[in-house]
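Here's the letter readout for the chains.
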Amino acid sequence: MPQYDQFTGFQSGSVEKWTQVQKKQFNVKPFGEYDVDVEVECCGVCSSDIHSINGGWGNSTFPLTVGHEVVGRVVRAGPKVTLMNLGDRVGIGAQIWSCLECHQCCNENETYCPDLIATYGHAWPQHPGLISQGGFASHVRAHEHWVFPIPAEIPSHLAAPMLCAGITSYSPLVRFGAGPGKKVGIVGVGGLGHYGILFSAALGAETWAIARTNAKKEDTIKMGAIGYLATSEKDWNVPHKMTFDLIISTANSFGDGSDLGAYLSLLNVLGKWVSVGMPEEATLTIRPQDLAGNGCFVGATHLGSRKEMLDMLQLAVSKNISSWVETVPINAENLSKTFKSLHENSGAVRYRYCMTEYDKEFKQ
């Protein structure tokens, strides 16, 4: 008998062969009093998955099953679980545990808990050698605090990408006051950026998309943007200097965006630049002169609290927000192709992939 429970998932074996996934069994932490097992129905594909298995964000522990935009059904619940019932349709994002006792956790900043456990690739301190594994698998086990009810109005494949990409874009919007009377810029129109536009517009802010070219302009208007800036155009920022209250950068690469000063010049006095995209190799040069002219601030945020997650899902229902998602049946070949597509950053997907048809792979 194995020491631990086991689930089955598609795993990458090494950085050198990160696209070559194989279906294998893996060990799971012992089931706890507040734990929930979710049988996976679908799982979005995030750029974080690629950065984690190709070495872009540093070393990972292999073999590794990635995927942290999970929707499925509760099939097991610990004796102290009160937030859901067996059979409920729920979601799990990029985090599955926090201490719930520290200052951060007690002030709705659970994603900043010093002892957090990510959904995949994170060592369990109490269980040496045991690594958390993600959602391209039959099941995911998580603490109930990190398992979220999915409103009946949102189809599973549209809800899944909201659980990382959605909340990552939504949290800084609400934390920094996006709403009526505010002008908000979203840098980058991809998986994260399309959510930034959707949620900013739904919150009532005057929303502008900012991208290198005009290639995605029509899409952003459909999402709710009222304006569009193409940074490849001469003097693109000049007419809009000191007019934005908040800019959210979702860029997965910077290219000509390394001229941070041009972006910061858009901000009004005490305006904020917030990065949520995390390119593998990017250095932003910040000059004090770029900050002093308008007294702007530069920072970043990470995921979002349980309250923000639940509020985001309700906003999606009340404003009839629909993710732009392309579904792909999960199997080893399709997962490999999808990883490659995201890595190439070709813009082929509009704007998020979600792996589906789990029953065909995990209920044989």
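Residues numbered from 1 in each chain as written. Predicted model: local features only at pLDDT ≥ 70, side-chain atom pairs only at ≥ 80, totals over all residues. Heavy atoms only, no water.

A. The pattern of salt bridges, seen in detail. With the rule as written, the count across this model stands at 15 salt bridges. Residues Arg141 and Asp5 are paired through a salt bridge, measuring 2.8 Å at the closest nitrogen-oxygen approach. Taken together, the residues Arg141 in strand E8 (residues 139-143) and Asp5 in strand E1 (residues 5-12) connect sequence positions 136 residues apart. Note on Arg141: relative accessible area 5%, which makes it buried. One salt-bridge network, in which partners are shared between bridges, spans Asp5, Asp37, Arg76 and Arg141. (Salt bridge = Lys/Arg side-chain N within 4 Å of Asp/Glu carboxyl O. Helix = DSSP H or I, 4+ residues; strand = E, 2+ residues; numbered from the N terminus. Buried < 20%, exposed > 50% of the residue type's maximum accessible area, 1.4 Å probe, protein only.)

B. Here's a closer look at the domain arrangement of the chain. What the domain assignment lists for the chain is domain 1 (6-164 + 305-363) and domain 2 (165-300). Between the C-alpha centres of domain 1 and domain 2 there is a distance of 27 Å. In this complex, domain 1 contributes 29 residues to the contact, which on the side of domain 2 involves 27 residues. Buried area between domain 1 and domain 2, summed over both chains or domains, comes out near 2300 Å², and the portion from carbon and sulfur atoms is 57%. (Domains from an automatic or database assignment. Contact = heavy atoms within 4.5 Å. Buried area = accessible area lost by both parts, 1.4 Å probe.)

C. Structural detail: the UniProt feature "domain: Alcohol dehydrogenase-like N-terminal" (unreviewed entry) in the chain. In the numbering adopted here, UniProt assigns the feature "domain: Alcohol dehydrogenase-like N-terminal" (unreviewed entry) to residues 33-151. Taken end to end, residues 33-151 has its terminal C-alpha atoms 25 Å apart, with 6% of it in helix and 30% in strand. (UniProt positions renumbered as here; feature names shortened; annotations may be inferred.)

D. Broad picture of the packing of aromatic side chains. One pass over the full model with this rule turns up 11 aromatic pairs. The structure contains a cluster of three or more aromatic residues connected by ring pairs, namely Phe10, Tyr358 and Phe362. The residue whose ring lies beneath Lys23 is Phe362, and the NZ or CZ to ring-centre distance is 5.7 Å. Across from the ring centre of Phe244, 4.3 Å away, lies the NZ or CZ of Lys183, which sits over that ring. (Phe/Tyr/Trp six-rings, centres within 6.5 Å; stacked < 30°, edge-to-face > 60°. Lys NZ or Arg CZ within 6 Å of the ring centre and 35° of its normal.)

E. Summary view of the side chain of Ser98. With respect to the element layout, Ser98 can be found in the loop between strand E6 (95-97) and strand E7 (117-118). Residue Ser98 is classed as buried on the basis of its relative accessible area of 1%. Of the polar contacts made by the side chain of Ser98, one reaches the side chain of Trp146; its length is 3.4 Å. In this view, Ser98 contacts Cys105, Glu110, Cys113, Leu116 and Trp146; residues no more than four positions away in its chain are not counted. (Polar contact = N/O pair within 3.5 Å; in protein donor to acceptor, adjacent residues only side chain to side chain.)

F. Highlighting the layout of surface pockets. By volume, the second largest pocket amounts to about 160 Å³. Taken together, Glu39, Val40, Glu41, Arg73, Ser138, His139, Tyr358, Asp359, Phe362 and Lys363 make up the lining of the second largest pocket. Of all the secondary structure elements, the ones that give two or more residues to the lining of the second largest pocket are strand E3 (35-45) and helix H10 (359-362). Of the residues in the lining of the second largest pocket, the class split is three nonpolar, two polar and five charged. (1 Å grid on protein atoms, 1.4 Å probe; cavity = no way out; pocket = protein on both sides within 12 Å on 5 of 7 lines; lining within 4 Å. Points joined across faces, edges and corners; volume = space filled by probe spheres on them. Nonpolar A, V, L, I, M, F, W, Y, C, P; charged D, E, K, R; others polar.)

G. Representation of the nonpolar core in the model. Phe199 and Met312 are the most contacted members of the largest nonpolar core, which has 45 residues in total. When residues of this core are traced back to their parent elements, those giving at least two are helix H2 (156-159), helix H3 (165-175), strand E10 (183-187), helix H4 (191-202), strand E11 (206-211), strand E12 (227-230), strand E13 (244-249) and helix H8 (306-318). The greatest single-element share of this core, amounting to six residues, is contributed by H4. Counting residues domain by domain, this core receives three or more from each of domain 1 (6-164 + 305-363) and domain 2 (165-300). Dropping the residues within four chain positions of it, Met312 is found in contact with Met162, Gly166, Ile167, Tyr170 and Phe199. Membership of the second largest hydrophobic core comes to 38 residues, among which are Trp18, Val38, Val66 and Met355. (Core = buried A, V, L, I, M, F, W, Y, C linked by side-chain atoms within 4.5 Å.)

H. The side chain of Thr207, seen in detail. In this structure, Thr207 sits in strand E11. A polar atom in the side chain of Thr207 sits 2.7 Å from the side chain of Ser200. A polar atom in the side chain of Thr207 sits 3.1 Å from the backbone oxygen of Ala205.

I. Quick look at the sheet that holds strand E15 (residues 297-300). With respect to topology, six strands assemble into an open sheet ordered E12-E11-E10-E13-E14-E15, the strand pairing being parallel. The two strands at the open ends of the sheet, each matched to only one other strand, are E12 and E15. Taking each pair of neighbouring strands and ignoring which way they run, the sheet shows an average axis angle of 20°. One ladder, built from four bridges, connects E11 with E12; its direction is parallel. By the bridge assignment for E12, Ala209 is matched with Tyr228. H3 rests against E10, E13 and strand E14 (267-275) of the sheet, and its axis sits at about 160° to E13. (Pairing = 2+ DSSP bridges. Axes fitted to C-alpha atoms, helices over the stretch in contact; angles between N-to-C directions.)

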